[in-house]
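Chains, contacts and geometry: an overview
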Amino acid sequence: MTGPLLEVDGLTKHYPLVAGLFKTNVPAVRALENVSFSVAAGETFCIVGESGCGKSTLARLLMRLVDPTSGRVLVEGTDIAGLKRHELRACRRRMQMVFQDPYSSLNPRLTAGQIITEPVENFERLGRKQRNELAAELLSKVGLSPEMMHRLPSEMSGGQRQRLGIARALALEPSLIIADEAVSALDVSVQAQILNLLMDLQKKMGIAYIFISHDLGVVEHIGHRVAVMYLGRIVELASCETLFAKPVHPYTEALIAAAPVPDPTRVRSEVPLEGEVPSPVNPPSGCAFHPRCPLAIDRCRVELPPLVPMSDGRVVACHVRAPSATADMPLTSLGTSPLGSVA
Ligand code: SF4
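For every chain, the first residue of its written sequence is number 1, and the numbers climb from 1 along that sequence. Local features in this predicted model are restricted to residues whose pLDDT is 70 or higher, and side-chain atom pairs enter the listing and the counts only when it is 80 or higher, whereas totals over whole chains, interfaces and linings include all residues. Water and hydrogen atoms play no part in the side-chain values, which are based on all heavy atoms of the structure.

Glancing now at the site of the ligand. Residues are classed as near a molecule or strand on a simple rule: at least one heavy atom within 4 Å of it. Taken together, 13 residues are adjacent to the ligand, and Cys287, Cys293, Cys300, Cys318 and His319 come closest. Buriedness of a pocket was judged along seven lines, with at least five required to meet protein on both sides within 12 Å; pockets are open sets of points on a 1 Å grid over the protein atoms alone, cavities are sets where a 1.4 Å probe fits but cannot get out, and lining residues have an atom within 4 Å of a point. Assignment of a molecule to a cavity or pocket requires that more than half of its atoms lie within 2 Å of the corresponding grid points. With respect to the detected pockets, the ligand is housed in the largest cavity. Charged residues are taken to be Asp, Glu, Lys and Arg, nonpolar residues to be Ala, Val, Leu, Ile, Met, Phe, Trp, Tyr, Cys and Pro, and polar residues to be all remaining types, Gly included. A class-by-class count of the residues in the shell around the ligand yields 10 nonpolar, three polar and no charged.

Quick look at the structure:
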């Protein structure tokens, strides 16, 4: 494979609101606006932002669980919008999801072994021996004892259930796992175990992750690159190292300043993040962050800032911090992985 594993090009999703007896169309919920990035094989691409910023809508669009209003998702160069049902099923073998709540995402009536082997049996028939061997192998891979294949999810702890969810995602040997708030429901010590497990699996199997989280500490620990989203748009995209060393967009700066820091010697700038995320039905004009931004100028209220490439490889959408006149890199580099393609 020479190109990126996944390319997202101008992805937009509006949910039209239908109200009243006569189903009069009213403005749409603008869940996602013109989102573009690419993910290389073996890369961890993180997406962060407050609730309602469009992270989970993006995950559903990537799996084609919903269709976009406009824009494209290309998996290994193939636009998934044009795939027939059987082709989409084959494509989904390559892309799996791990969900936030391990309990509600597992069938409570099936044993761990049945849960793990079920995705494979959707594609091929397995004998009893094959099924048990596969379940034992996958349970071992995620650090669970093969004897646990006979247990129900209700007989497992939260961390064990999330490991089981990961084992199920691994069953089809995917190239990409979309982890939507995969550790946020877990205790901190269990979170660390699951994150280390994901990173080990990546080293051994070359899996790419799209890691969706509101927890910046987790993202800094696990990510290669990170996209910061605000009200359906990417406002800053950079390597994790670059972004956490020096955030440029005022929203990124405020998010990082608001995150708890376990290291008392580490100094972070004091940038208050006040107010609520505005409604995606009626987003503010110009830069959607302007009602909460301490740096807002008149231009911000009327003109949408474009994503501008900076000399350190990041892209930022801000009239003050990244005015387009200072752009010193071609836009062709926007959102591409520094890992390139490793598969
Ligand atoms: Fe703040 Fe203006 Fe930059 Fe938006 S464009 S983040 S309002 S300074």
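Next comes the rest of the write-up.
Its identity is not glycine, yet glutamate 173 carries a phi of approximately 50°, on the positive side. Here a strand is any run of E in DSSP of at least two residues, a helix any run of H or I of at least four, and the numbering for each starts at the N terminus. On the secondary structure map, glutamate 173 appears in the loop between α5 (158–170) and β7 (176–180). Categorising residues by exposure relies on relative accessible area from a 1.4 Å probe, with only protein chains included: less than 20% of the type maximum marks a residue as buried, more than 50% marks it as exposed, and the intermediate range marks it as partly exposed. Classification of glutamate 173 as exposed rests on a relative accessible area of 61%. Phi at glutamate 181 is positive, roughly 50°, even though this residue is not glycine. Looking at the element boundaries, glutamate 181 is found in the loop between β7 and α6 (188–205). Classification of glutamate 181 by relative accessible area gives buried; the value is 9%.

To qualify as a nonpolar core, a set must consist of buried Ala, Val, Leu, Ile, Met, Phe, Trp, Tyr and Cys residues joined through side-chain atoms within 4.5 Å. In terms of nonpolar packing, the biggest core is built from 63 residues, with Leu164, Ile166, Leu170 and Phe211 touching the most fellow members. Among the elements that take part in this core, α6 stands out by supplying six residues, more than any other. Here, residues are in contact when the closest pair of their heavy atoms is within 4.5 Å. Once residues lying within four places of it in the same chain are set aside, the contact partners of leucine 170 are Leu138, Lys141, Val142, Ile177, Leu201, Met205 and Ile207. Core analysis: the next-biggest nonpolar cluster, separate from the first, contains 34 residues, Leu5, Phe45, Leu61 and Val315 among them.

This next bit is on empty space enclosed by the protein. Grid points are joined across faces, edges and corners, and a volume is the space filled by probe spheres set on the points. Counted according to the given criterion, the structure contains three cavities of 30 Å³ or more. Lining the largest cavity are 14 residues, with Cys287, Cys293, Cys300, Cys318 and His319 positioned closest to its centre. Along the lines of polarity and charge, the residues of the lining of the largest cavity split into 11 nonpolar, three polar and no charged. Quantified by volume, the second largest cavity comes out at close to 50 Å³. Leu11, Leu61, Arg64, Val66, Pro68, Val73, Asp79, Ile80 and Ala81 are the residues that line the second largest cavity. Across the lining of the second largest cavity, the residue classes tally to seven nonpolar, no polar and two charged.

Here the largest pocket is characterised by a volume of approximately 420 Å³. Elements supplying a minimum of two residues to the lining of the largest pocket: α2 (85–94), β6 (95–98), α3 (112–121) and α5. Across the lining of the largest pocket, the residue classes break down as 11 nonpolar, five polar and five charged.

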